[in-house]
Amino acid sequence: QTGKLLFYADGAMYEFDGDTTFQPEVSFPQNTEITYYNEGSDGGQHYAFANRDVSIRHNRFNLFIAGRDLRYSLINTIQAVSPTCLLLGTNQGVFVIYVNPVWSEYIDDISTTKEYRTRIRRKIIEDTAGNIYMLGYPKMYKYNPYSKKLSESNDDYSPAYGGTLFENAIYTASAEGLGFGKYDLIKETTTPIKSINIKEGDLLFDISIINDSLFFMGGEEQIIIWNPRNNESKEISVPGKSVYD
């Protein structure tokens, strides 16, 4: 939002001035290992650190949450719900953080599949109506910011690692060997998508939209290019044991 490029390396954050110079970003604590960083649409900066502490910098507030207050969870994603409310998706469930006054609500195991603990992965997606979808395991979860209710998807296909919103649907990539699917936001069901190079057992970890007729999907030892207009796909084989996020 400020036009700066930020780079993290070896415990220090640097900013690029747009010309040729890298300068240390002086407000960032030195010798601190970052495990998660995100810049919100409002320009706020979200950091999670190796010791599981969280720092959130916003034009209206600065918020620090000690790792012990988050049960030392691994922070996978942070999403602003409103100027005073944030969602933290972790490997141990969901935290709802209220800013003023600061307090948190911990939503432990919302999964009806009780042998699994809810794990939110790297993507939180907001639709045009303001509903927030958290992609995780063993289900996808929907948070309504008006009713403040968190609900579980009824769809057995929905566990997802990565995903993206496109034409009123969430396209999901699953690391459970469920391949690729289209989650309809109206019907709240997922339709598996199969193409000549997309198979049900594929391990897919992330999706990026290049334009409205070109998706890139990263997987295990492969990158798949897919056209949603005609369901044509092409596989780029990658040697070795690489996984593409």
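The model shown is predicted, which means the values in this text are computed figures rather than measured ones.

### As for the packing of aromatic side chains
Turning to step 1, where the next piece is worked out: The final tally for this structure, using the stated rule, is twelve aromatic pairs.
Turning to step 2, where the next piece is worked out: When the centroid spacing of 5.8 Å and the interplanar angle of 50° are considered together, the rings of Tyr171 and Trp226 count as tilted. Of this pair, Tyr171 sits in strand S17 (residues 169-174) while Trp226 sits in strand S22 (residues 222-227), and the two are 55 residues apart along the sequence.
Turning to step 3, where the next piece is worked out: On the basis of relative accessibility, which here comes to 5%, the residue Tyr171 falls in the buried class.
Turning to step 4, where the next piece is worked out: Among the aromatic side chains, those forming a connected cluster through ring pairs are Phe166, Tyr171, Phe180, Phe215 and Trp226.

### Re the pairing of strand S16 (residues 162-165)
Turning to step 1, where the next piece is worked out: Bridge count between S16 and S17: four bridges; the pairing is antiparallel. Opposite Leu165, over in S17, you have Ile170 as the bridge partner.
Turning to step 2, where the next piece is worked out: The hairpin formed by S16 and S17 contains three residues between the paired strands, and Glu167 there has a positive phi angle of roughly 50°.

### A few points about the nonpolar core
Turning to step 1, where the next piece is worked out: Counting residues in each nonpolar core, the largest one holds 15 residues, and the members touching the most others are Val54, Leu63, Leu70, Ile75, Leu86, Leu88 and Ile97.
Turning to step 2, where the next piece is worked out: Looking at this core, the elements that each hand over two or more residues are strand S6 (54-57), strand S7 (62-65), strand S8 (75-82), strand S9 (85-90) and strand S10 (93-98).
Turning to step 3, where the next piece is worked out: When near neighbours in sequence (up to four residues on either side) are disregarded, Leu70 contacts Arg52, Val54, Ile65, Ile75, Leu88, Phe95 and Ile97.

### Describing a nonpolar patch on the surface
Turning to step 1, where the next piece is worked out: On the surface, a nonpolar cluster with roughly 390 Å² of combined accessible area is contributed by Leu5, Phe7, Tyr14 and Phe22.
Turning to step 2, where the next piece is worked out: Following the sequence through the fold, Tyr14 ends up in strand S2 (residues 12-16).

Rules used in this analysis
Residues numbered from 1 in each chain as written. Predicted model: local features only at pLDDT ≥ 70, side-chain atom pairs only at ≥ 80, totals over all residues. Heavy atoms only, no water. Phe/Tyr/Trp six-rings, centres within 6.5 Å; stacked < 30°, edge-to-face > 60°. Helix = DSSP H or I, 4+ residues; strand = E, 2+ residues; numbered from the N terminus. Buried < 20%, exposed > 50% of the residue type's maximum accessible area, 1.4 Å probe, protein only. Pairing = 2+ DSSP bridges. Core = buried A, V, L, I, M, F, W, Y, C linked by side-chain atoms within 4.5 Å. Contact = heavy atoms within 4.5 Å. Patch = residues over 30% accessible without salt bridge, like charges linked within 9 Å, V, L, I, M, F, W, Y side chains within 5 Å. Areas by Shrake-Rupley, 256 points an atom, 1.4 Å probe, with all protein chains shown as cover. Salt bridge = Lys/Arg side-chain N within 4 Å of Asp/Glu carboxyl O.

Function cannot be read off these values alone, since they describe shape.
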